[in-house]
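Below are the chains, spelled out letter by letter.
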Amino acid sequence: METTTPSARERILATAHDLFYRDGIRATGVDRLIAESGVAKLTFYRHFASKDDLVRAFLDYRHERWMAWFVDALGRHGAGQAAGLQPLLGALEEWFRAPTFRGCAFINSVVEVGASVQGAADTARRHKQEMEQVIAELLPPGPQRAARAQAVGVALDGAVVRAQMGDVDGALAALRGLL
């Protein structure tokens, strides 16, 4: 089996993904990103003209990866088998208990950089909307489906923050009672 070496851009993006999510955007400097991704400074700036460009790329990258994980996790926990929202609880518990869990990268990013990185909040909103569309597919069809999915999404965001503060069991219990 052949393996391909990731491109410099892919290495920078993967490094940014891990460091921004684990340590925060502001706490992660460009010099550290360059050192840990193993690229030259000129190579870094050839791919990302500024840290803000990298933050936007990180959010897009995180969205694609997280949504793919989310859909897969829902399937592993029974989505599509008339299980309603139960698969959501299983997927969230899996995520919350992962050793790398640091909350929602989109909530964290908006709180941390807000309007100072143009487009960051827009990407976060798009992520939440697409998540709600996936949640809506778990619900029975009807006129309130989208509104209910949005309400579940908001409750999920609160549970993520609660779990991030160290109360995973409380976050999951609250969601069980609601869903």
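The structure presented is a predicted model; accordingly, all values stated were derived computationally and were not measured.

Draft legend 1. Geometry of the overall build of the chain. For the chain, the count of helices and strands is 9 helices and 0 strands. For the chain, the sequential pattern of α-helices and β-strands runs α-α-α-α-α-α-α-α-α. With the principal axes as the frame, the chain shows a C-alpha extent of 55 × 45 × 30 Å. Per-residue burial over the chain gives 42% buried out of 179 residues. The contacts in the chain between residues at least 6 apart in sequence include a share of 65% that link residues at least 24 apart. Counting only carbon and sulfur atoms, one obtains 53% of the accessible surface of the chain, whose full area is about 9600 Å². Taken as two groups, the 21 positive and 21 negative side-chain charges of the chain have centres that lie 2 Å from each other.

Draft legend 2. Broad picture of the packing of aromatic side chains. Following the criterion strictly, the structure yields 10 aromatic pairs and no others. Pairing Trp69 with Trp95 gives two aromatic rings, centres 6.5 Å apart and planes at 50°, and the pair type is tilted. Of the two residues, Trp69 sits in helix H4 (residues 51-76) while Trp95 sits in helix H5 (residues 86-96), which places them 26 residues apart along the sequence. In this structure Trp69 comes out as partly exposed when scored by relative accessible area, which is 23%. Of the aromatic side chains, those joined through ring pairs into one cluster are Trp66, Trp69, Phe70, Trp95, Phe96 and Phe101. For Arg62, the ring lying beneath its charged end belongs to Tyr21, and the centroid distance is 4.1 Å.

Draft legend 3. Focus on the nonpolar core. Counting residues in each nonpolar core, the largest one holds 55 residues, and the members touching the most others are Phe44, Leu54, Phe70, Leu88, Trp95 and Phe96. A per-element tally of this core places H4 first, with 10 residues. Those residues in contact with Trp95 that sit more than four places away from it in its chain are Tyr21, Arg62, Trp66, Trp69, Phe101, Gly103, Cys104 and Val160.

Draft legend 4. Examining the layout of surface pockets more closely. Approximately 340 Å³ is the volume found for the largest pocket. His17, Tyr21, Arg62, Arg65 and Thr100 are, among the 14 residues lining the largest pocket, the residues nearest its centre. Breaking the lining of the largest pocket down by element, the ones donating at least two residues are helix H1 (8-23), H4 and H5. Split by residue class, the lining of the largest pocket holds 6 nonpolar, 2 polar and 6 charged.

Draft legend 5. Looking closely at the pattern of salt bridges. Overall, the coordinates contain 15 salt bridges when judged by the stated rule. The shortest N-O distance in the salt bridge between Arg76 and Asp72 comes to 2.2 Å. Placement of the pair is Arg76 and Asp72 together in helix H4, with a separation of 4 residues, close to one helical turn. Of the residues examined, Asp72 reaches a relative accessible area of 44% and is grouped as partly exposed. Of the charged contacts, one joins Lys128 and Asp157 as a salt bridge, the two residues approaching to 2.7 Å between their closest N and O atoms. With Lys128 in helix H7 (residues 120-136) and Asp157 in helix H8 (residues 145-164), this residue pair connects regions lying 29 residues apart in the sequence. Of the two residues, Lys128 and Asp157, both sit in the buried class. When salt bridges with common partners are traced through the structure, they connect Arg22, Asp23, Arg32 and Glu36 into a single cluster.

About the criteria used
- Residues numbered from 1 in each chain as written.
- Predicted model: local features only at pLDDT ≥ 70, side-chain atom pairs only at ≥ 80, totals over all residues.
- Heavy atoms only, no water.
- Helix = DSSP H or I, 4+ residues; strand = E, 2+ residues; numbered from the N terminus.
- Buried < 20%, exposed > 50% of the residue type's maximum accessible area, 1.4 Å probe, protein only.
- Contact = heavy atoms within 4.5 Å.
- Areas by Shrake-Rupley, 256 points an atom, 1.4 Å probe, with all protein chains shown as cover.
- Lys, Arg positive; Asp, Glu negative; His and termini not counted.
- Charge placed at Lys NZ, Arg CZ, Asp CG, Glu CD.
- Phe/Tyr/Trp six-rings, centres within 6.5 Å; stacked < 30°, edge-to-face > 60°.
- Lys NZ or Arg CZ within 6 Å of the ring centre and 35° of its normal.
- Core = buried A, V, L, I, M, F, W, Y, C linked by side-chain atoms within 4.5 Å.
- 1 Å grid on protein atoms, 1.4 Å probe; cavity = no way out; pocket = protein on both sides within 12 Å on 5 of 7 lines; lining within 4 Å.
- Points joined across faces, edges and corners; volume = space filled by probe spheres on them.
- Nonpolar A, V, L, I, M, F, W, Y, C, P; charged D, E, K, R; others polar.
- Salt bridge = Lys/Arg side-chain N within 4 Å of Asp/Glu carboxyl O.

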